[in-house]
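# Analysis of the macromolecular model
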Amino acid sequence: MSGKTSNVLTWARSRARALPHVAWRDQKIDELLTKQVKTARELAKAKRELSALSTASVQVPSFRRYLFAERRIHAHMRDHAADNQRNSLTRKLNSYSFAQSHGVAIPRIFDIWQEPESIDWDGLPDEVVIKSQTGSTGRGVFPLRRSPDGWTIVTKTDAIEPQNIAKR
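Criteria and cut-off values
- Once a new chain begins, its residue numbering starts again from 1 and follows that chain's sequence as written.
- Only residues with pLDDT of at least 70 get local features here, since the model is predicted, and only at 80 or more are side-chain atom pairs given and counted; chain-wide, interface and lining totals rely on the full set of residues.
- Side-chain metrics in this entry use all non-hydrogen atoms of the structure; hydrogen atoms and water are not considered.
- Between buried and exposed lies partly exposed: a residue is buried under 20% and exposed over 50% of the maximum accessible area for its type, with that area taken using a 1.4 Å probe on protein chains only.
- Where helices and strands are cited, they refer to DSSP runs of H or I of at least four residues and of E of at least two residues respectively, numbered from the N terminus.
- At least two bridges found by DSSP between two strands are what make those strands a pair.
- Helices are assigned an expected span. That span is 1.5 Å times one less than the residue count.
- Our arc is simply the arc of the directions from the helix axis toward the C-beta atoms.
- Contacts are assigned to residue pairs with any non-hydrogen atoms lying within 4.5 Å of each other.

Where burial is concerned, the two faces of strand β1 (residues 127–131) differ: the one with V128 and I130 is buried and the one with E127, V129 and K131 is not. Strand direction decides the pairing type here: β1 and strand β2 (residues 141–147), joined by five bridges, are antiparallel. Residue pairing in the sheet places V128 in a bridge with L144 of β2.

A word on helix α3 (residues 63–79). Along an α-helix, residues three or four apart share an orientation, since each turn contains 3.6 residues. Taking 1.5 Å of rise per residue, the 17 residues of α3 would be expected to cover 24 Å, and the 24 Å separating its terminal C-alpha atoms lies within 8% of that figure. Among the residues of α3, those classed as buried are L67, E70 and M77. Here the buried residues of α3 occupy an arc of 90° about the axis, which is enough to place them on one side. Of the residues in α3, the exposed ones pointing more than 90 degrees away from the buried face are R64, R72 and D79. Buried residues belonging to α3 abut α4 (92–101).

Here it is as structure tokens:
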């Protein structure tokens, strides 16, 4: 009897699916199931991309974000006549430290002198760049090469005395 009941149910279902409103319902169910599978794939892909972005932002700090923050700090300090310029990017050594913390290679610093007259010229390598703590657009920057006559600025041929560099 169960085989006969099964055959009757199969026949009744096939006849019911042939009715227009039931066929429409079944078609909509199939479309929704297909759309659900597609949406689940898109969601999984988006989650992987989000995870990769979140991991990347944690591992590599945003240089631009910190640069803008540094500019805002500098503007605030300037506007309020703050004496403490420690966080200012206008100071070369602080700029070097900031750049280095973000993976930028910086030149080797041989020494820091409070007065240019106290530079130990004999202790410097044969090629060196002397920079002042402040200045921009190349002012106070001297790329030097040791020569038999003393020192020459790399872009020139005439020897220059260390006292003249200190004055400039």
